[in-house]
Every structure is written in structure tokens, then in C-alpha cells.
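Here is how the chains run, residue by residue.
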Amino acid sequence: MIQKDLIFASMNAETKEEIISLLADKLLGMGKVKDTYKDAVLEREKSYPTGLSLGKYCIAMPHTFAEHVIEPAIAVAKLEKPVTFLEMASTDSRLSVSLILMMAISNPQEQLVLLRKILRLFSEKEVIDTLMQSKTAEEMYKTLRYIDEP
């Protein structure tokens, strides 16, 4: 699911809506999602926020239902400056998010497994530090490719 051409080491966005739209457009352009995907992710984010604090850094993992996905993929963006997301399982806790992992999951049963893999990987402080210090998509890929391992 992790592909170098869906990893962006330096993106600019002013809002969560803008970064979600940018990444959704990348996924659409590569044929990974349907044209309904972007609006579905934006709508889901309103009701089910995806921000997560990992200590020094915060990430977000926006996604939506499988019916909007053609082929599984994850678009990853490291932001030049953080944007505000609401914290997962919260309606008012705001986080300054610097890393987005936008998931396109075609099999709902895989979603929980994927979330666990990502959280296990990011539970190691060095991993998130390495990602945030990466300057290129290639450098980020070397760290993120472990998400695809069984």
C-alpha cells in the first residue's frame, strides 16, 4: 500500500480540508479511489476526527468507507507547517498535525490491522523523529515500507 509516488516530503496546506483535498486528488489521479472519495473523507472527518498525538508530533489518518476505494493505498504528506485536526474520539481537542497518512482501504477488515501496524511502527519514538527529519520521499519510504510487512 505504501508507494513512493504517494509520499510527499514537503507539502503546504492552510487547513485540514485543503490537505485532505490535495491527497485525495493524488489518489484519484493514480486510479486508487473513486471521484466520491474526497467528499466522503471530508464528511467523515467532521463526525469522526482522525488526529492523534504521538508526543512531540501529531499525525492524522483520514479515511472513509471501502465503497469509495478502487485499490488500497496510503497517501502520506509531511507538512511544511502544521494544520489543525480534531483529536480522535474528541469533538473539541485540537491538535497541530504535521504528518498525514490518508488511507484508501478497500477491505474494511484490513482497516483495523492497518491501524495497528501504523501505531505499532509509530510507538517507537525514533520512527516518527526519522520521518519528520526526512527530506525526500525516498527517505520517508525507507521508514514507512514496514507498514506493508506481515
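Above this text sits the structure in question.
Computed from a predicted model, the values in this text were never measured in an experiment. Numbering of residues starts from 1 in every chain and runs along the sequence as written. In keeping with the predicted nature of the model, local features appear solely for residues at pLDDT of at least 70, side-chain atom pairs appear and are counted solely at 80 or more, and the whole-chain, interface and lining totals rest on all residues. As a rule here, side-chain values cover all heavy atoms of the structure and leave hydrogens and water aside.

Undergrad: Could you clarify how one ought to interpret the side chain of lysine 16 in this entry?
TA: Think of it this way: any DSSP run of H or I at least four residues long counts as a helix, any run of E at least two long counts as a strand, and we number them from the N terminus. Tracing the sequence through the fold places lysine 16 in helix H1 (residues 16-29). Only protein chains enter the accessibility calculation, which uses a 1.4 Å probe; a residue whose area is less than 20% of its type maximum is buried, one above 50% is exposed, and one in between is partly exposed. His is not counted, nor are the chain ends, whereas Lys and Arg count as positive and Asp and Glu as negative. A pairing counts as a salt bridge when a side-chain nitrogen of Lys or Arg comes within 4 Å of a carboxyl oxygen of Asp or Glu. One buried charged side chain, lysine 16, makes no salt bridge at all; its nearest oppositely charged neighbour is glutamate 17, positioned 4.3 Å away. Apart from residues no more than four positions distant in its own chain, lysine 16 is found in contact with Glu45, Val83, Thr84 and Phe85. Any two residues having at least one pair of non-hydrogen atoms within 4.5 Å are treated as being in contact.

Undergrad: Help me understand the environment of valine 97 in this model?
TA: Tracing the sequence through the fold places valine 97 in strand S5 (residues 94-104). You can call valine 97 buried: its relative accessible area is 0%. For the pair valine 97 and valine 83, spaced 14 residues apart in sequence, the C-alpha separation works out to 5.4 Å. Apart from residues no more than four positions distant in its own chain, valine 97 is found in contact with Cys58, Ile59, Ala60, Leu79, Pro82, Val83 and Phe85.

Undergrad: Before we go on, may I ask you to explain unusual backbone geometry in this structure?
TA: Glycine aside, the phi torsion of most residues is negative, and most peptide linkages are trans. Although it is not a glycine, alanine 89 sits at a positive phi angle of roughly 60°. When you line up the elements, alanine 89 lands in the loop between strand S4 (73-86) and S5.

Undergrad: What's the story with helix H5 (residues 137-144) in this structure? I'm lost.
TA: Since there are 3.6 residues in each turn of an α-helix, residues three or four apart along the chain are aligned in direction. Turning to H5, its buried residues are Met140, Thr143 and Leu144. The buried residues of H5 occupy an angular sector of 90° when the element is viewed end-on, so they sit on one face. Contact partners of the buried residues in H5: strand S1 (2-11), S4, S5, helix H3 (108-122) and helix H4 (125-133). By definition, the arc is the one covered by directions from the helix axis to the C-beta atoms.

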